[in-house]
There are 2 protein chains.
Amino acid sequence: MNSPSDLQRSGRMRADARRNHERLLTAAVSAFSRHGVNASLDDIASQAGVGSATLYRHFPTRQVLVETVLEDRVDALCLRARQLLDEPSPVGALREWLVAVVEHSRTYRGLAAAQMALEISDTTDSDQIREAGEALLVRARKAGAVRPDIDVTDLLRLVNAVAWASEHTSAPSEQGERLLAIVIEGVQSRDPDRGERADT
Amino acid sequence: MNSPSDLQRSGRMRADARRNHERLLTAAVSAFSRHGVNASLDDIASQAGVGSATLYRHFPTRQVLVETVLEDRVDALCLRARQLLDEPSPVGALREWLVAVVEHSRTYRGLAAAQMALEISDTTDSDQIREAGEALLVRARKAGAVRPDIDVTDLLRLVNAVAWASEHTSAPSEQGERLLAIVIEGVQSRDPDRGERADT
DNA sequence: ACCTGAACACCGTTCAAGT
DNA sequence: ACCTGAACACCGTTCAAGT
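Read on for a plain summary of the structure.

Criteria and thresholds
Residues numbered from 1 in each chain as written. Chains lettered and ligands numbered in written order. Predicted model: local features only at pLDDT ≥ 70, side-chain atom pairs only at ≥ 80, totals over all residues. Heavy atoms only, no water. Core = buried A, V, L, I, M, F, W, Y, C linked by side-chain atoms within 4.5 Å. Buried < 20%, exposed > 50% of the residue type's maximum accessible area, 1.4 Å probe, protein only. Contact = heavy atoms within 4.5 Å. Near = heavy atom within 4 Å. Polar contact = N/O pair within 3.5 Å; in protein donor to acceptor, adjacent residues only side chain to side chain. Helix = DSSP H or I, 4+ residues; strand = E, 2+ residues; numbered from the N terminus. Phe/Tyr/Trp six-rings, centres within 6.5 Å; stacked < 30°, edge-to-face > 60°.

Concerning the nonpolar core
- Among the nonpolar cores identified, the biggest contains 119 residues, and I44(A), W97(A), I44(B) and W97(B) are the most heavily contacted of them.
- Residues within four places of I44(A) in sequence aside, it is in contact with L24(A), A27(A), A28(A), A31(A), F32(A), L55(A) and L65(A).

A look at the protein's contact with DNA strand D
- Taken together, 16 residues lie around DNA strand D, and A53(A), Y56(A), N20(B), A53(B) and T54(B) are the ones closest in.
- Of all atoms in DNA strand D that approach within 4 Å of the protein, 58% are sugar or phosphate atoms.
- Separating a phosphate oxygen of DNA strand D from a side-chain N or O atom of Y56(A) is a distance of 2.3 Å.
- A distance of 2.5 Å is found between a phosphate oxygen of DNA strand D and a side-chain nitrogen or oxygen belonging to N20(B).
- Where the surface near DNA strand D is concerned, the elements lending two or more residues are α4 (52–58) of chain A together with α2 (15–35) and α4 (52–58) of chain B.
- Ranked by residues supplied to the surface near DNA strand D, first place goes to α4(B) with four residues.

Examining the packing of aromatic side chains
- Across all of its chains, the model carries three aromatic pairs over all chains by this definition.
- Where W164(A) meets W164(B), the ring centres are 4.0 Å apart and the plane angle is 10 degrees; that geometry is what we call stacked. Here W164(B) lies in helix α9 (residues 152–167) and W164(A) lies in helix α9 (residues 152–167), a pairing that spans two chains.
- A residue is classified by how much of its surface remains accessible, and W164(B), at 3% relative accessible area, is buried.

What follows is the structure, given as structure tokens:
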């Protein structure tokens, strides 16, 4: 409660501060799209028409800025996971969501790398995403469709690595699909009797 | 022929130049070990007792310096691949070599990331490694042990991604093993009749 | 409170001057 | 030829001064 973002969402900020906050976010989205999450913070401040120190006041670290910009997308990704729990095929649902995770990690260049670096410290986003994925994974495991020794953290780390690798490629989307296909194959149970096979 | 490294290996350099070259390499190994491949080039020059401009003369880019430092290790890795062609189990051989590739990519912090970035442009090292891996993969494919749609470039990219991910972890070695196990499982044929299963 | 621009420390790279 | 240190441009961060 009473965290900065609470203050920002409610109308408690001074009018000029709230305006600067919005301008900084708009500028950040534009800069991240163009130059990736490591875009110059100075440029973002300039494009927003404020000094760099103002940016630091609103967003003390780059991580905070990135997470704020991505907030809606992360929420959507987690919602999608909950919706997919109703999908009849447990592996199909898991795969579909992992595709979405890869796409999410590729929203901006450098995001996958940033997420991997941050996973050592703990961030709210990764906890949220992990929790959402855990449900899908457990369901597939109980159906006998994925090997029992696969754990969410490992799986998401690997999927994030796939996103990172595919990003450094001329055709990120296709590359991501191919690498993810290998990973999905690797987590599924071998025994064809138990559980279902992946449908293409 | 007559490339700088040829000059350096033969005794054609001026005595002081050759001495500086060696000192720079020693300093680089030490700095890379301590701080990863992105270690300060200025520090390396200082530790070698030369000016930074001398470093740039010998090694125009960081990539050149890194590749020179790693030359012997890359040769050993490729030799190992050729030796493993005599191993009775094609998948076993492939897996053993991929473990070595992961370890290689973790020689210095940041190396896996650097390799991934460089793979877009072409470097001699990655060509060498790809060629060595191709032989092992083709053998396993012919034995029906790995799926026919797996290609070397994809596989090595994924394995490098595993090395990168595991590096950003408190227990890189164990993490690398676990993620690699998933990948290996993913490239193998599903049909238990064709080909052999992985032995633990 | 919030903003601002200047100052700071730290990169990698280049270049003129020296041997 | 080869080396050297100084200069340069570019980062992110901090801080004193202003409203």
